[in-house]
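Residues per chain are reported as follows:
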Amino acid sequence: MQQWRNRRILDLLGMETPIIQAPMAGADSVRLALAVCKAGGLGSFACALKSLDEVRASVQKLREATDRPFNLNFFCHVMQAPSQADIERWRDFLRPFYVRWGLDPETVPPSRLRMPFDKEACRFVEEIRPPVVSFHFGLPAPALVDRLKNRNIRILSTATSVAEAKWLEEHGCDAVIVQGVEAGGHRGMFLEKDPARQAGLFALLPQVADQVKIPLIATGGIADARGIVAAFALGASGVQMGTAYLFCPEAEIPPLYRKALEEVSESGTALTNLFSGRPARAIVNRYVEEGGLMSDAALPFPYAATLVLPLRNASERANSNDCMQLWAGQAAQLRRFSNSRGVLRGVPGGVFLGKRPLNVRGSALHQLENRYSQTRRRRKFHPNPGGQHAGLL
Ligand SMILES: Cc1cc2nc3c(=O)[nH]c(=O)nc-3n(C[C@H](O)[C@H](O)[C@H](O)COP(=O)(O)O)c2cc1C
């Protein structure tokens, strides 16, 4: 039986469909990962905001329900504790927002910080032995990478430039997740400093493909079969989708977040460091707009988040998304249109063309390419993604 023609990611990670559900701290769930795994893709858990015991419990539930491979995701940033002066500066920046919500910026309770992958997390992973571990913001210390490799755990990490992709290849990654600037959530940048210089996926992916030998996973702005075809054509062997999965019922996000996603346009997101201290793509709400998207006053990642959390909570309690953290990519709207037309349906991990599921055991990319070009020949091409074009796939 024919298979996906490009099997590099499938063979490396042991899945059937080259689609990875992006780990999404604060939004993914066991149900989501399980649904993706069962559909033949790679389900992921973001561990950055969870205790190791919580991760252990999630992995146990997943393993009770499936023996398919899955991915645990960790951040590997360097913690640089801010000075008291830095904290006061950030507090002053946020004060008007605190006043609006009737909160006191001097009495902020401690909250859980996003923690980097360390020796303790490494011991935990060695014990749990997930088939795949992915990292954001580079890689942990070489000794920790070696320990994972000794356990035969596949290692992925995100690159936002050719230089970062080459670095990851040289430092032990099995595959690189190439992240275009369209992506929702945090930029994975770790050598790059300037978010304004970050490239889009269409420009970045073929340049990485020309200079890196290990398999590539495309991420950022992919939300339907057209994006998958394009990513493969540009050199990817797999795709990772985040925002598209936020629309699935298994994503654990508040109703206000879901509503904002349903309403956002292609220009409704921006890079902002106002939630965590690192640039991340979010829906522009009142807080992001009034805060000016990026601020030098923001504490370094992840410390900025502690002082923002009371604002986010107050906003949600008041049934307003004014100050909520609404991570989303530029292609959110595609998912909405495709949803309403039953194009890429809400089955996590599944790729649907029209109403027909792809035969993933067949030459799926070939099917995608053929059906796409046939439909385009049959029907008049319409450039509006919300119009005819969305219905073509
Ligand atoms: C809500 C949300 C949370 C995210 N959290 C993480 C995370 O914890 N770890 C990570 O590696 N990437 C995270 N990302 C980034 C994704 O891995 C991926 O790069 C991005 O979703 C791809 O772009 P797309 O949203 O347009 O599909 C997150 C993205 C979103 C939308």
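What counts and what doesn't
- The numbering scheme is per chain: residues are counted from 1 as the chain's sequence reads.
- Where local features are concerned, this predicted model is filtered to residues with pLDDT of at least 70; where side-chain atom pairs are given and counted, the filter is 80 or more; whole-chain, interface and lining totals use all residues.
- Think of it this way: take the backbone, place a C-beta atom on it, and check whether that atom is within 6 Å of the molecule or strand, in which case the residue is near it.
- Elements are defined by DSSP. Helices are runs of H or I of four residues or more, strands are runs of E of two residues or more, and each kind is numbered from the N terminus.
- All amino acids are sorted into three groups, where Ala, Val, Leu, Ile, Met, Phe, Trp, Tyr, Cys and Pro are nonpolar, Asp, Glu, Lys and Arg are charged, and the leftover types, Gly among them, are polar.
- At least two bridges found by DSSP between two strands is the condition for calling them paired.
- Here, axes are lines fitted to C-alpha atoms. For helices the fit covers the stretch in contact, and angles between N-to-C directions go from 0 to 180 degrees.
- For this entry, the nonpolar core is defined as buried Ala, Val, Leu, Ile, Met, Phe, Trp, Tyr and Cys residues connected by C-beta atoms within 7 Å.
- Each residue is classed by its C-beta neighbour count within 10 Å, where at least 20 other C-beta atoms makes it buried, 12 or fewer makes it exposed, and intermediate counts make it partly exposed; the C-beta atoms are placed from backbone geometry.
- The split of the chain into domains comes from an automatic or database domain assignment.
- A pair of residues counts as a contact when their C-beta atoms, built from backbone coordinates, are separated by no more than 7 Å.
- The crossover handedness rule: strands pointing away from the viewer, path from first strand over the helix to second strand clockwise, crossover right-handed.
- An angle below 35 degrees is read as roughly parallel, one above 145 as roughly antiparallel, one from 65 to 115 as roughly perpendicular, and any other as oblique.
- In this scheme the crossing of two helices becomes right-handed for a clockwise turn of the near helix relative to the far one and left-handed for an anticlockwise turn of less than a right angle.

## As for the site of the ligand
Part 1 of the argument: Of all residues adjacent to the ligand, which total 28 residues, the nearest are Ala183, Gly184, Gly185, Gly242 and Gly329.
Part 2 of the argument: Elements with a minimum of two residues in the shell around the ligand: strand E7 (185–186), strand E9 (238–241) and helix H10 (243–246).
Part 3 of the argument: Counted by class, the shell around the ligand contains 14 nonpolar, 13 polar and one charged residues.

## Quick look at the sheet that holds strand E3 (residues 70–75)
Part 1 of the argument: Strand order in this open sheet of eight strands is E1-E9-E8-E6-E5-E4-E3-E2, and the pairing throughout is parallel. Each having just a single partner strand, strand E1 (19–21) and strand E2 (43–46) make up the two edges of the open sheet. Going from strand to strand, the sheet's axes swing by 25° on average, the running direction of each strand aside.
Part 2 of the argument: As judged from the three bridges shared by E1 and E9, these two strands associate in the parallel manner. The residue of E9 that forms the bridge with glutamine 21 is methionine 241.

## Examining the nonpolar core
Part 1 of the argument: Membership of the largest hydrophobic core comes to 106 residues, with the highest contact counts inside it found for Phe74, Val176, Val178, Leu216, Ile217 and Ala218.
Part 2 of the argument: Residue contributions to this core reach at least three from each of two domains, namely domain 1 (8–77 + 114–252) and domain 2 (82–113 + 265–327).
Part 3 of the argument: Not counting residues up to four positions away in its chain, the partners in contact with phenylalanine 74 are Cys47, Ala48, Phe117, Ala121, Val133 and Phe135.

## What to know about the pairing of E9
Part 1 of the argument: Of the two faces of E9, the one lined by Gly238 and Gln240 and the one lined by Val239 and Met241 are each fully buried.
Part 2 of the argument: In this sheet, E9 lies alongside strand E8 (residues 216–219) in parallel orientation, the contact comprising three bridges. From the neighbouring strand, threonine 219 faces E9, where its bridge partner is glutamine 240.
Part 3 of the argument: The β-α-β motif built from E8, the intervening helix H9 (residues 225–233) and the parallel element E9 has right-handed crossover chirality.

## Topic: the environment of phenylalanine 117
Part 1 of the argument: Mapped onto the elements of the fold, phenylalanine 117 is located in the loop between helix H4 (84–100) and helix H5 (119–128).
Part 2 of the argument: Put simply, phenylalanine 117 and cysteine 76 are 41 residues apart on the chain and 5.3 Å apart in space, counted from C-alpha to C-alpha.

## What about the pairing of strand E11 (residues 280–283)?
Part 1 of the argument: What you see with E11 is no split at all: Ala280 and Ala282 on one side and Arg281 and Ile283 on the other are buried throughout.
Part 2 of the argument: With two bridges connecting them, E7 and E11 associate as antiparallel partners. The partner of glycine 185 across the bridge, within E11, is arginine 281.
Part 3 of the argument: Pairing of strand E10 (residues 269–272) with E11 involves four bridges; the strand directions are antiparallel. The residue of E11 that forms the bridge with threonine 272 is alanine 280.

## Considering H9
Part 1 of the argument: Within the sequence span of H9, burial applies to Ala225, Arg226, Gly227, Ile228, Ala231 and Phe232.
Part 2 of the argument: Just beyond H9, the residue with positive phi is glycine 235, at close to 120°.

## Focus: the packing of helix H7 (residues 162–170) against helix H8 (residues 201–211)
Part 1 of the argument: At their nearest, the axes of H7 and H8 sit 9 Å apart, and the two run at 40° to each other. As the angle between them shows, H7 and H8 are arranged oblique. Relative to H8, H7 is oriented so that their crossing is right-handed. When H7 is examined against H8, the residues Val162, Ala165 and Lys166 are found in contact with a partner set consisting of Gln207, Val208 and Gln211.
Part 2 of the argument: Each residue belonging to the contact of H7 with H8 can be placed in one class, and the counts come to three nonpolar, two polar and one charged.

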